[in-house]
Amino acid sequence: MNQTALILDFGGQYKDLIARRVRELNVHSIIRPNTISLQEIKKINPLGIILTGGPKSVYRPDAPQCDKDLFSLGYPILGICYGMQLMCYDMGGCVSPCAKSEYGTVKINLNTDCPLFDGINPQQTVLMSHTDQVTRMPYSFTNAAYTDNCKIAAMADINNKLYAVQFHPEAENTTDGIKILENFLYKICGANGDYNIKDYLQTQINQVRTKAGNEKVILGLSGGVDSSVCAALLSKAIGKNLICIFVDHGLMRKNEAEEIKKTFSERDLQFVCVDAAERFLSELKGVTDPEEKRKIIGKEFVEVFQTQAAKYDDAKFLAQGTIYPDIIESGSGKTATIKSHHNVGGLPETMRFEGLIEPLKGLFKDEVRRLGALLGLPENIINRQPFPGPGLAIRIIGEVTKEKLDLLRDADLIVREEIINSNVKADQYFAVLTDIKSVGVMGDDRTYEYTIAVRAVSTTDFMTCEYAPVPHDVLAKISARITNEVKGVNRVVYDITGKPPATIEWL
Ligand code: XMP
């Protein structure tokens, strides 16, 4: 059993980042909502606790709380931003609105006698983002940092191992942020650094072997990072008892289906590819409404998968590539459904299996990628960008046809090649086939052909995004190549909208 740092979520946007940073420092971390009971916390028996930031003011009635006794349980605690304000408020100090809010990077002076800042340069640049601040500390605390606009930018009650910072040590723009977290975990909490991805892999392999025994396990393989890494792990654990079903719905990107077939048919597992492209196309014939497309594809996928899985009626377990962010319970409220997302591989509960195997459910995406590398998966699969379950069907406005899919596949490959070759930083990038035809000229002839939209976005969580500032020369090259190499396209445009108000996919 690994030592575990507990991260309590007060609604801040950086909770995943904090948890990942802790893991990068070889300490296992889990995220729980702020409402967790003290009893549950004791059951977890954390090495230390980190309170996240959050958008509310502690003195408002709707502010997220935690049990005040948390601070006297004896666990080392680090409060970050809202977490600092809550620690202060709950322990009898004072929190007030700032005369001048601080957003962005600011210069700070740290007291390096404080164990949290031990060995760190006293002058630092840190990321601040706050409209409230601590104006009077609880009596047992001392001031450990200040900025021009924030007199108490960190505080410590060394005897009780309670520490708090107004800035964000987890953010990249905080110069020595990682070192601060390392001090908290190793010098204050006494971490022994027992968490690493190699051991995680071995533990999971052992657990899968124990759970599955000699029984067969079915996995829906989409070719995305998660299901691919899951397949590689299970193959190592149970070899030919793993049956991977890959439903080729004909809506994949250029060469993708072939790459998946090649990678997995060479591994120690049973690889089954169902070529269902015609079936999907015929169901999508004449359909233009985005939600209807999504529903048809979701339903078809489940039917095709179930029919195939039924042929292995001796298989007792279903495996899924669920990862930690899919299951994190959050302190924040419900969100409206904008699109009916579904994952290829997400299956209805009516299936007949005795149990579920989810060996990646404790991992963040970057850890899944590292695991994939450890398992020898090729680069093009490990670093694959997210691809929606309904595939290119939701990147074609209007009816989906074989001709349009082929055209989009060619344009999309050019976008991907040029973005990769130019080293532009974007988290997701692709081509969209719009339903617009417009007039152009080729040689001496008038043309009336399709418009391709190029989309490239920067995002950390895909819930919001900015359009990526792709340099003009790269865009010009993409445009020239698409209009020259892809028959049927005479115009290329670049989508410069963020999310909100747009979404990443066009449909
Ligand atoms: P939107 O378009 O909602 O997309 O801004 C956010 C992220 O989700 C991906 N996406 C999907 N992923 N099934 C998936 O597995 C879906 O139906 C689906 N629709 C969108 C999208 O590519 C982006 O990364």
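First, a word on what this report is: a plain description of the structure on this page.

Thresholds, definitions, all that
- Residues numbered from 1 in each chain as written.
- Predicted model: local features only at pLDDT ≥ 70, side-chain atom pairs only at ≥ 80, totals over all residues.
- Heavy atoms only, no water.
- Helix = DSSP H or I, 4+ residues; strand = E, 2+ residues; numbered from the N terminus.
- Rg over C-alpha atoms; globule rule 2.2 N^0.38 Å.
- Buried < 20%, exposed > 50% of the residue type's maximum accessible area, 1.4 Å probe, protein only.
- Phe/Tyr/Trp six-rings, centres within 6.5 Å; stacked < 30°, edge-to-face > 60°.
- Lys NZ or Arg CZ within 6 Å of the ring centre and 35° of its normal.
- Axes fitted to C-alpha atoms, helices over the stretch in contact; angles between N-to-C directions.
- Left-handed = near helix turned anticlockwise from the far one by under 90°.
- Contact = heavy atoms within 4.5 Å.
- Nonpolar A, V, L, I, M, F, W, Y, C, P; charged D, E, K, R; others polar.
- 1 Å grid on protein atoms, 1.4 Å probe; cavity = no way out; pocket = protein on both sides within 12 Å on 5 of 7 lines; lining within 4 Å.
- Points joined across faces, edges and corners; volume = space filled by probe spheres on them.
- Pairing = 2+ DSSP bridges.
- Disulfide = S-S within 2.5 Å.

Regarding the overall build of the protein
What the protein contains, in helices and strands, is 14 helices and 18 strands. Over its C-alpha trace the protein gives a radius of gyration of 26 Å, about what one expects of a compact globule, namely 23 Å for 507 residues. Dimensions of the protein, computed from the C-alpha atoms along their principal axes, are close to 80 × 65 × 40 Å. Across the 507 residues that make up the protein, the buried fraction comes to 53%.

Section: the packing of aromatic side chains
Under the defined criterion, the tally for this structure stands at six aromatic pairs. Aromatic side chains Tyr324 and Phe364 sit 5.4 Å apart centroid to centroid with 85 degrees between the ring planes, which places their arrangement in the edge-to-face category. Placement of the pair is Tyr324 in helix α10 (residues 324–327) and Phe364 in the loop between β14 (355–357) and α11 (365–374), with a sequence separation of 40 residues. By relative accessible area, which is 7% here, Tyr324 ends up buried. Here Phe364 falls in the buried class, since its relative accessible area comes to 1%. Seen from the ring of Phe353, Arg352 lies directly overhead, with NZ or CZ sitting 4.5 Å from the centre.

A closer look at the packing of helix α8 (residues 277–284) against helix α9 (residues 290–310)
It is at 10 Å that the axes of α8 and α9 come closest, and there the two elements cross at 145 degrees. In this structure, α8 crosses over α9, and the sense of that crossing is right-handed. Residues Arg279, Phe280, Glu283 and Leu284 of α8 touch α9, and the partners they reach there are Lys293, Ile296, Ile297, Glu300, Phe301, Glu303 and Val304. The residue inventory of the contact of α8 with α9, partitioned by class, reads six nonpolar, no polar and five charged.

As for empty space enclosed by the protein
All told, the structure shown has one cavity of 30 Å³ or more when counted by the stated rule. In this structure, the largest cavity spans a volume of roughly 30 Å³. If you trace the largest cavity, you find it lined by Arg23, Asn26, Tyr195, Asn196, Ile197, Glu367 and Arg370. For the lining of the largest cavity, a count of residues per class yields two nonpolar, two polar and three charged.

Looking at the sheet that holds strand β13 (residues 315–319)
On the basis of which strands lie adjacent, the open sheet formed by five strands has the order β12-β11-β10-β13-β14 and parallel pairing. One side of each edge strand has no neighbouring strand; the edge strands of this open sheet are β12 (270–275) and β14. The sheet shows a mean angle of 30 degrees between the axes of neighbouring strands, taken without regard to direction. Across three bridges, the pairing between β13 and β14 is parallel.

Quick notes on the state of the cysteines
Counting across every chain of the model gives zero disulfides. Considering cysteine sulfurs only, Cys114 is the nearest to Cys189, which forms no disulfide, with 13 Å between them. Owing to a relative accessible area of 12%, Cys189 belongs among the buried residues under this scheme.

Quick word on the pairing of β13
Among the five residues of β13, four are classified as buried, and the element is accordingly described as predominantly covered. Of the strand pairs in this sheet, strand β10 (residues 216–220) and β13 are connected by four bridges, and their pairing is parallel. By the bridge assignment for β13, Ile218 is matched with Leu318.

Let's talk about the sheet that holds strand β5 (residues 94–110)
With mixed pairing, the nine strands of this open sheet are ordered in space as β2-β1-β3-β4-β9-β8-β7-β5-β6. At either end of the open sheet lies a strand with only one pairing partner, and these are β2 (28–33) and β6 (123–136). Taking each pair of neighbouring strands and ignoring which way they run, the sheet shows an average axis angle of 20 degrees. Pairing of strand β7 (residues 142–146) with strand β8 (residues 154–157), which is carried by three bridges, proceeds in the antiparallel orientation. Looking at the pairing, Asn143 lines up with Met155 of β8. Each of β1 (4–9), β2, β3 (48–51) and β4 (77–80) is contacted by helix α1 (residues 15–24), which is oriented at about 160 degrees to β2, the strand it contacts most. Contacts from helix α3 (residues 82–90) reach β3, β4, β5, β6, β8 and β9 (162–165), with the element oriented near 115 degrees to β4.

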